[in-house]
Amino acid sequence: MKRPFPNLHFHNGSRLLLLITLIWLIQPAPLLIVPGPTQTVHTSRPIVGVHTRLTDEVEEWKIQRSLEMVRQMGAPWIVELFPWAYYHAADGGIAWDHPDMVIEHAHAQGLQVIARIGLTPGWARPPDTPLNYLDATAYDDFAEFAARFAERYQGKLAAIIVGNEPNLSFEWGYREGTAVDYTNLLKTVYPAVKAANPDVLVLGGALAPTLEPAGSPWGLNDLEYLDQMYVAGAADYFDGLAVHTYGLTFPALAEPAPDILNFRRVELVREVMLRHNDADTQIYITEFGWNDHPRWTMAVRPGQRIQNTLDAFTYAEENWPYVEMIAIWAFRFPAPTKSYMDNFTLVTPEFVTKPIYTELQEFTGNE
Amino acid sequence: MSKFGSKLQVAGCKSPWLKDTCQLPHATCTPRRIGFGSLSNYAKSSLWFIAILGMMVWLTSCTTADDSWERVQAAGVLRVGLDPTYPPFEVDDGSGVYGLDVDLAQAIAADLGVDVQFVYFGYDGLYDALATEQVDVLISALVIMVERTRDFSYSEPYFNAGEILIVPADNSIIETMADLSGKTVAVELGSLGHVEATEWAKRVVDLAIVTFPTADEAITAVQQNDADAALVDAVNGRLYLRNHDDLKRLPESVTVEPFALVVRSEDEQLLDVLNQSLATLQQSGQLDQIEANWLGP
């Protein structure tokens, strides 16, 4: 039989190359994940939010799935950590890939994003200091990053929280971070962010609820610290106050008291604000919740956790007009923490919804 | 270098290349010249193959020095870490520590001929305490976690705390979750039993779930004919059954949540000894007796 192309010969190398090309052509295309058209959060409870934990989430589909489930639960707000240390190189270069991914997917799901910015890159802190060490020499760099962040996500970012729980020495890398220190940080960051994006809100505080007395190496009572922030002139340098409040073993409606840590401690925070003539500033509760771990002494039963959570939202809606949103810590972790922290979540790392998720979904009218 | 680095030095090994590839504290090598000159190429290749294969087998059978059990023996005491806030496994109410895990630790220590010393830690600090060698073993109702096995080793399980089905004592119809079609199961609101029942409801036709604030109330619903079965964790379920003989638990556990002893991953010798001791206690019936003492039959 006559060959159709008698002069066409393939050497072994060419055959191998051809084979590789064919294999490459027939391999499945990579998973295409796109944010998709912008969705709307359907909710009868616009106060409901969640603190997501997507910083450590590598796979894009999981980021998308998490945020989709937040929307389906009827929560219009997310709070998320965006660590300065992870993105910003000393030469000014910023790796935007991951924050872009989170912000774009959140925006596509119709969610309002409150970005908590913190953690200091190695080049901006002294050698042998921990990741959350921050001193005044790096305030300008921090402010520059916050401003660039705010500028980049115009129209997709509701607010920025400056730092986290500054009344704890841990959050300063175990240096003493006084209220004056933190106020100076706000004074540096606020004008920079506003110049870059006037629409984004700057939230101060996010103080840790604690009863630590003055002089403690660990921190300072949040009410006292807030008072000192006002005395230091912080009021003009935040648009809203971020507050953390945990119920621990108390019911949601338990009366607040200066020597007790419970959900309604927010009312004592508000009193401090009123004492300093700051009634117009809204509160954003960026962390709250109950825990139902069977081994943690500060935990409650799972059913109590559900009831307390629903009671808290209802109480806040009815009694706290000065509270804009309340975010549950935490929606989901990328992997088990292997501690009681796992029992703060609404969804498992495998995306299995816990009963509290279903109850909240019903609560927001999304059954 | 890690603090264990010195244990990984090669001692007594005269073959220089082995120093880089073999981490054998007790390895001894006796290099021997092998004359291949008179053999055919095929025979030479075969011999090389066999030699390399033999070397690989030898290398993979190597173990690092592990004197973890000898250390315990020398000290004469087994240091047990626990968080004494979890009845009925370990509690210290001011009168001393007691509970199932305490009895188990004492039985193991007696079997091994050493004393036992209990060291308290908060739940979240247990593994750190073990990693930093403050204790030899954790016996604190700890569930086997695959994610931890890089740094820690678990013994054979000594108790399954998973979800169990509780039904009326005269029940002969319900044997598994699959038999709950058209029936009602009671659970504690928000519990793992609730999550599990919700998953089963996707596959079992007409499985109704009723929730209660506590596991005890879910079980009571079965007694009062408000539910056909209760799905609760083994600890709460068995504690309830101790005083209610009109109910029984089904022998097959619906989920598995195995409690085990924990040691550092390099302490294989100690792990072997503890496993042998658990097996001895199992065979003698002592383990069952300890469990029955605290959780009922």
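Above: the structure in question.
These numbers were taken from a predicted model, which means no experiment stands behind them.

Asks: Would you mind going over the environment of A:Leu223 in detail, with residue names and values included?
Replies: In this fold, A:Leu223 is placed in helix α7 (residues 222-231). The contacts of A:Leu223, once residues within four sequence positions are left out, are A:Arg265, A:Leu268, A:Val269 and A:Val272.

Asks: So what about the sheet that holds strand β4 (residues 97-98) of chain B? Which residues, and what values?
Replies: Sheet strands pair via backbone hydrogen bonds, and the direction of the pair is either parallel or antiparallel. All names here are of chain B. Spatially, three strands are ordered β2-β3-β4 in an open sheet, and the strand pairing comes out antiparallel. With one partner strand each, in any of the chains shown, β2 (85-86) and β4 form the two edges of the open sheet. Note: strand β3 (residues 90-92) against β4, two bridges, orientation antiparallel. Counted as the bridge partner of Val91 is Tyr98 from β4.

Asks: Please provide a residue-by-residue account of the packing of aromatic side chains, values included.
Replies: A ring pair, where both rings are aromatic, is described by two values, the distance of the centres and the angle of the planes. According to the stated counting rule, one finds 37 aromatic pairs over all chains in the structure shown. Between A:Trp84 and A:Phe145, the aromatic rings sit 6.5 Å apart at their centres with planes inclined by 25°, giving stacked as the arrangement. Of this pair, A:Trp84 sits in helix α3 (residues 84-87) while A:Phe145 sits in helix α5 (residues 139-152); the two residues are 61 residues apart in sequence, bridging distant segments of the chain. Residues A:Trp84 and A:Phe145 agree in their burial class; the two are buried. Each member of the aromatic cluster is reached from another via a ring pair, and the members are A:Phe82, A:Trp84, A:Tyr86, A:Tyr87, A:Trp96, A:Trp123, A:Phe142, A:Phe145, A:Phe149 and A:Tyr153. In this structure, A:Arg295 packs its charged tip against the face of B:Tyr86, placed 4.2 Å from the ring centre. The ring of B:Trp200 has B:Arg203 lying over it, and the distance from NZ or CZ to the ring centre is 4.4 Å.

Asks: Give a description of the side chain of B:Glu291 that names residues and reports values.
Replies: Among the structural elements, B:Glu291 can be located in helix α10 (residues 286-295). Discounting chain neighbours no more than four positions away, the residues touching B:Glu291 are B:Leu100, B:Tyr158, B:Phe159, B:Arg238 and B:Gly296.

Asks: Account for a nonpolar patch on the surface, naming residues and giving values.
Replies: Residue and element names in this part refer to chain A. Together, Leu16, Leu18, Leu19, Ile20, Leu22, Ile23, Trp24, Leu25 and Ile26 line one region of the surface with nonpolar side chains, adding up to about 980 Å² of accessible area. Tracing the backbone through its elements, the reader meets Ile23 in helix α1 (residues 12-26). Ile23 sits in the partly exposed class, given a relative accessible area of 48%.

Asks: Could you give an account of the packing of helix α2 (residues 60-73) of chain A against helix α4 (residues 97-108) of chain A, with specific residues and numbers?
Replies: Residue and element names in this part refer to chain A. Relative to each other, α2 and α4 sit at 35°, their axes nearing to 9 Å. The two elements α2 and α4 cross, and the hand of that crossing is right-handed. Listed contacts from α4 to Glu60, Ile63, Gln64 and Leu67 of α2 are His98, Met101, Val102, His105 and Ala106.

Asks: Just give me the short version of the packing of α7(A) against helix α8 (residues 265-275) of chain A, but keep the residues and values in it.
Replies: All names here are of chain A. Between α7 and α8, the least distance of the axes is 10 Å, while the angle of their chain directions is 20°. Overall, the two elements α7 and α8 adopt an arrangement that is roughly parallel. By crossing handedness, the relation of α7 to α8 is classed as right-handed. Note on element contacts: α8 touches α7 through Arg265, Leu268, Val269, Val272, Met273 and Arg275, opposite Asp222, Leu223, Leu226, Asp227 and Tyr230. For the contact of α7 with α8, the class distribution of residues is seven nonpolar, no polar and four charged.

Asks: Tell me about the interface of chain B and chain A, and name the residues and values.
Replies: With 19 residues of chain B at the contact, the number on the chain A side is 15 residues. Across the chain B/chain A interface, buried area totals approximately 1500 Å², and carbon plus sulfur atoms make up 59% of it. If you sort the residues of chain B by the area they bury against chain A, B:Tyr123, B:Asp124 and B:Leu189 come out on top, with a joint share of 32%. Counting across the interface, chain B meets chain A through two salt bridges.

Quick notes on the rules
- Residues numbered from 1 in each chain as written.
- Chains lettered and ligands numbered in written order.
- Predicted model: local features only at pLDDT ≥ 70, side-chain atom pairs only at ≥ 80, totals over all residues.
- Heavy atoms only, no water.
- Helix = DSSP H or I, 4+ residues; strand = E, 2+ residues; numbered from the N terminus.
- Contact = heavy atoms within 4.5 Å.
- Pairing = 2+ DSSP bridges.
- Phe/Tyr/Trp six-rings, centres within 6.5 Å; stacked < 30°, edge-to-face > 60°.
- Buried < 20%, exposed > 50% of the residue type's maximum accessible area, 1.4 Å probe, protein only.
- Lys NZ or Arg CZ within 6 Å of the ring centre and 35° of its normal.
- Patch = residues over 30% accessible without salt bridge, like charges linked within 9 Å, V, L, I, M, F, W, Y side chains within 5 Å.
- Areas by Shrake-Rupley, 256 points an atom, 1.4 Å probe, with all protein chains shown as cover.
- Salt bridge = Lys/Arg side-chain N within 4 Å of Asp/Glu carboxyl O.
- Axes fitted to C-alpha atoms, helices over the stretch in contact; angles between N-to-C directions.
- Left-handed = near helix turned anticlockwise from the far one by under 90°.
- Parallel < 35°, antiparallel > 145°, perpendicular 65-115°, else oblique.
- Nonpolar A, V, L, I, M, F, W, Y, C, P; charged D, E, K, R; others polar.
- Buried area = accessible area lost by both parts, 1.4 Å probe.

Take it as geometry only, folks, not as evidence of what the structure does.
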